[in-house]
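The chain contents come next:
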Amino acid sequence: MTLTGVGGVGKTKLAAAVADEVRRAFPDGVWLVELGTLEDEGLLPQTVATALGLRDQSARHPEDMLCDHLRDARSLVVLDNCEHILDSCAALTAHLLRAAPRLCVLATSRQPLGVYGESVLSVPALAVPGPRQSLSPAAADHYAALKLFQRRAKEASPDFTLGPENLETVIRLCRQLDGIPLAIELAAARLRTLTPQELLRRLEERLDLSADHIRADLPRHETLRASIDWSFDLCSPGEQRLWARLSVFAGSCGLEEVEAVCSGDGIPEEHVLDLVAGLVDKSVLIGEEQAAQVRYRLLETVRQYGAERLAEAGEKPALQQRHRDWYHHLVDRAEAEWLSPRQETWLTRLQSEHANIRTALEFCLSRPGQTQAGLEIAASLWFHWLCSGRLSEGRHWLGRALALAPEDTVARGKALWVDGWLSVLRGDTASALPQLEECRALALRLRDTSTLVHATQFLGGHALYEGDFRQAIGLLREAVEGHRAAGDRNGLMTALYQLTLACAMSGDPRAADVGKQCLDLCNEAHAPWSRSYALWALGLHLWRQGEPSRAAELLRDALNARRVVGDGWGIALCMEALAWTAASAGEAERGARLLGAAEVVWRSIGISQSGFRHLAAGHETTETRLRTDLGERRYGAALRRGARMGLDGAAEWALYGSSAPAPRPPRDAATQ
């Protein structure tokens, strides 16, 4: 079903209310996918997958991963604000519905998607009394427009009461605004400074109407436009300028971003907070607390209006450039501070800013002369693509940037090794090798030592994932020395981790010393996420050395850290290795359940661990041992029990065993 109607009529709120009302009918989840800020249609499948909690970490197309995930699910997916990418939404919806017969899709759009079997519901404006209808204050609750006005009016002015002295005025206000919820909310917010009579007079002047006659009906989109024009005119010049400038942000933003991007040229930085407060008071800007910080956003209709005003003022190119520069600077800061106590802070912040990062990248890759900056931003986000489970999206941006900027530059070299690394992590080692070899050749042409060391490191990582441990160890030892000489702590940590893993999987006893170096570096930096990877690699070494109990202690410590940041890839690695240690310790039932839980996590990120040759031997050995110890029937039953625990329940059980809390119900985007 598609809910259609003009902007501001309440399609999104209605869709959210419907989703909440029917939640029990969809045991496999109700998912809200916000598309208003999505500019690159090619990222639609990734955006939906992320909203569903899937990690796009495999080499498969995200659309195929979505189909597999939803194939047998009784789920509801809400696609909100489809109109600007209508064809892509229609194609994806049709594909998903064909693949998943129990799936339902609820879309909001200013026009139908045009998908076979689509039901279209035109969302009406709120009910308003007729022009000649006599009404008492007690009967006002029968009309949704009057109820909304009264509720918002009380928020703006707690002393407001709907009574005989203002009822007719409020009815006429709501009638002039055609019962459009957004227009009513903007008007009611003005009661902080105006009486209802003053509001009506100013509105009628704006609409060029006389209070003595009923106007000819205007199309509702023109009514909304006129009411937003009116709200804009009632703002101070500073508020008008800030409203327009705020339109460059996608999704939400914090006060720091507003001050950095929107101040100057008529808005002193010290005035920004007061102007933001003024726009919040007028219901133009919405403030929402997230992770102990207030973030601000414009409703999509209001943002589009602001963008028009910004273009009319001739400021749009400059503000887009300033927006891009700020996020370029933010990403550089995050990378520089990555190996530090701020890892979790940066992961959370970049997750909040993901829509703005997309907008900055789109600006770079759609404007002449900006591609180098796009290469730099996309490559410097390597840890964000990895930790947030957006390997596919990272490759999407890197691929676009590399195609647009073939020149020999250091930025291209970095983009090549990051792209190659992400390909390896997705299990696509065939695509990775040409990228890494090109990076090495480019580094030699440029005589750039840093690029050459990274190319060497990730060629070693490629050999590791292909199971060629001897070659991997040689290349990674060379990379470790190069990073150490350059003082590159980020590079040194990742190279030490990969070298530990290569030594551990090949039975090389040097794994203990190298792993300790890696762990010491992470501990000195107080970097919890990086530390968890060092622990995982050392855990594998201890397992290979026949010490499964000690190995399991390190792996549980690593698992706990990865749960905090929602690292699906890391959680899968820990669950897999914990199954190996349990099997080696003679805990066959536990090992099989952990293996079943790990398989669910691997599937959720679209990857099969069998695709990684360095893990294949451990998995196959464990599986064979468990089948022998339990027998096929008990093994299959334990595997299924593990799979049924779900991600949260399985992680709790892996950490705490029989004392683990009861598994929590599945979470979905609409409940978070």
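Owing to the predicted nature of the structure, the values given are computational and were not obtained by experimental measurement.

## Section: the overall build of the protein
Part 1: Counting its secondary structure elements, the protein contains 31 helices and eight strands.
Part 2: Rg of the C-alpha trace for the protein: 28 Å, near the compact-globule value of 26 Å for 672 residues, within the 12% margin.
Part 3: The C-alpha extent of the protein, read off along each of the three principal axes, is 90 × 60 × 45 Å.
Part 4: The long-range share in the protein, meaning contacts at least 24 apart out of those at least 6 apart in sequence, stands at 71%.
Part 5: In the form shown here, the protein has an accessible surface area of approximately 27,900 Å², with 50% of it arising from carbon and sulfur atoms.
Part 6: Computed over 75 positive and 87 negative side-chain charges, the inter-centroid distance for the protein is 4 Å.

## Regarding the sheet that holds strand β1 (residues 2-4)
Either a parallel or an antiparallel arrangement is found when strands of a sheet pair, and the pairing is made through backbone hydrogen bonds.
Part 1: Taking strand neighbours across the sheet as the criterion, the five strands line up as β2-β3-β4-β1-β5 in an open arrangement whose pairing is parallel. Because the sheet does not close on itself, it has two edges, and the strands there are β2 (30-34) and β5 (120-122). The sheet shows a mean angle of 15 degrees between the axes of neighbouring strands, direction not considered.
Part 2: Against the sheet, helix α1 (residues 11-21) touches β1, β2, β3 (76-80) and β4 (104-109), its axis set at about 160 degrees to β4.
Part 3: Lying on the sheet, helix α2 (residues 44-51) is in contact with β2 and β3; it crosses β2 at an angle near 140 degrees.

## Digging into the sheet that holds strand β8 (residues 293-298)
Part 1: One open sheet holds the three strands; their spatial order is β6-β8-β7, and the pairing between them is antiparallel. Across the chains shown, the open sheet's two edge strands, defined by having one partner strand only, are β6 (252-254) and β7 (285-290). Going across the sheet, the axis of each strand differs from the next one's by a mean of 35 degrees, ignoring polarity.
Part 2: Here β7 runs beside β8; their pairing, made up of six bridges, is antiparallel. By the bridge assignment for β8, L285 is matched with L298.
Part 3: On the sheet, helix α11 (residues 255-262) packs against β6 and β8 and is oriented at approximately 90 degrees with respect to β6.

## Let's talk about helix α8 (residues 196-206)
Part 1: By the burial criterion, the buried members of α8 are P196, L199, L200, L203 and E204. Buried residues along α8 cover an arc of 125 degrees about the axis, so they all sit on one side.

## Focus: the nonpolar core
Part 1: Counting residues in hydrophobic clusters, the biggest one holds 212 residues, and the most contacted among them are F149, W243, L246 and W536.
Part 2: With twelve residues, the top contributor of residues to this core is helix α28 (residues 568-584).
Part 3: In this structure, F149 is in contact with F160, V170, L173, C174, I184, A188, L191 and L199, ignoring residues within four places of it in sequence.
Part 4: V9, A19, V78 and L106 belong to the second-largest nonpolar core, a separate cluster that totals ten residues.

## With respect to the packing of α28 against helix α31 (residues 646-656)
Part 1: As a packed pair, α28 and α31 sit with axes 11 Å apart at the nearest point and diverge in direction by 45 degrees. Compared by their axis directions, α28 and α31 come out oblique. The chirality of how α28 crosses α31 is left-handed. From α28, I571, M575 and L578 reach across to α31, where they touch L647, A650, A651 and A654.

## With respect to the packing of aromatic side chains
Part 1: For the structure on display, the rule yields 16 aromatic pairs.
Part 2: On the basis of an interplanar angle of 45 degrees and a centroid distance of 5.5 Å, the ring pair of W243 and Y305 is categorised as tilted. Of this pair, W243 sits in helix α10 (residues 237-246) while Y305 is found in helix α13 (residues 300-312), placing the two residues 62 residues apart along the sequence. In this structure, W243 and Y305 share a single accessibility class: buried.
Part 3: With a centroid separation of 5.1 Å and an interplanar angle of 5 degrees, the aromatic rings of W417 and F458 are classed as stacked. Here W417 is found in helix α20 (residues 410-425), whereas its partner F458 is found in helix α22 (residues 449-465), with 41 residues between them in sequence. Note on accessibility: W417 and F458 belong to one class, buried.

## Side note on helix α4 (residues 86-99)
Part 1: The terminal C-alpha atoms of α4 lie 20 Å apart, and with 14 residues this matches the ideal 20 Å at 1.5 Å per residue to within 8%.
Part 2: Turning to α4, the residues buried within the fold contact α2, α3 (62-70), β3 and β4.

## Side note on unusual backbone geometry
Part 1: Within the chain, N81 stands out as a residue other than glycine whose phi angle is a positive 70 degrees.
Part 2: Considering the arrangement of structural elements, one finds N81 in the loop between β3 and α4.
Part 3: The backbone phi angle of S283 is positive, close to 60 degrees, even though this residue is not glycine.
Part 4: Counting through the fold element by element, S283 comes out in the loop between α12 (272-281) and β7.

## Looking at the environment of C574
Part 1: Tracing the sequence through the fold places C574 in helix α28.
Part 2: If near-sequence neighbours (up to four positions away) are discounted, C574 is found in contact with W536, L555, A558, L559 and R562.

## Section: the confidence of the model for the protein
Part 1: Taken over all residues, the pLDDT of the protein has a mean of 89, while the share at 70 or more is 93%.
Part 2: For the stretch residues 209-218, pLDDT sits under 50, and the model shows 14 contacts to residues farther than four places along the chain or on other chains.
Part 3: A low-confidence stretch, residues 658-672 (pLDDT under 50), is modelled with 25 contacts involving residues beyond four sequence positions or located in other chains.

## Quick look at the pattern of salt bridges
Part 1: Tallied over the full model, the rule gives 39 salt bridges.
Part 2: Taking the shortest distance from any N to any O, the salt bridge between E353 and R295 comes out at 3.2 Å. Placement of the pair is E353 in the loop between α15 (343-352) and α16 (354-366) and R295 in strand β8, with a sequence separation of 58 residues.
Part 3: Across the pair E393 and R358 runs a salt bridge whose closest N-O atoms are separated by 2.8 Å. Here the residue E393 occupies a position in helix α19 (residues 391-404), and R358 occupies one in helix α16, the gap between them amounting to 35 residues. We note that E393, like R358, is buried.
Part 4: Through salt bridges with shared partners, a single ionic network connects K13, R152, E155 and E185.

The rules behind the values
Residues numbered from 1 in each chain as written. Predicted model: local features only at pLDDT ≥ 70, side-chain atom pairs only at ≥ 80, totals over all residues. Heavy atoms only, no water. Helix = DSSP H or I, 4+ residues; strand = E, 2+ residues; numbered from the N terminus. Rg over C-alpha atoms; globule rule 2.2 N^0.38 Å. Contact = heavy atoms within 4.5 Å. Areas by Shrake-Rupley, 256 points an atom, 1.4 Å probe, with all protein chains shown as cover. Lys, Arg positive; Asp, Glu negative; His and termini not counted. Charge placed at Lys NZ, Arg CZ, Asp CG, Glu CD. Pairing = 2+ DSSP bridges. Axes fitted to C-alpha atoms, helices over the stretch in contact; angles between N-to-C directions. Buried < 20%, exposed > 50% of the residue type's maximum accessible area, 1.4 Å probe, protein only. Arc of directions from axis to C-beta. Core = buried A, V, L, I, M, F, W, Y, C linked by side-chain atoms within 4.5 Å. Parallel < 35°, antiparallel > 145°, perpendicular 65-115°, else oblique. Left-handed = near helix turned anticlockwise from the far one by under 90°. Phe/Tyr/Trp six-rings, centres within 6.5 Å; stacked < 30°, edge-to-face > 60°. Expected span 1.5 Å × (residues − 1). pLDDT = per-residue confidence, 0-100. Salt bridge = Lys/Arg side-chain N within 4 Å of Asp/Glu carboxyl O.

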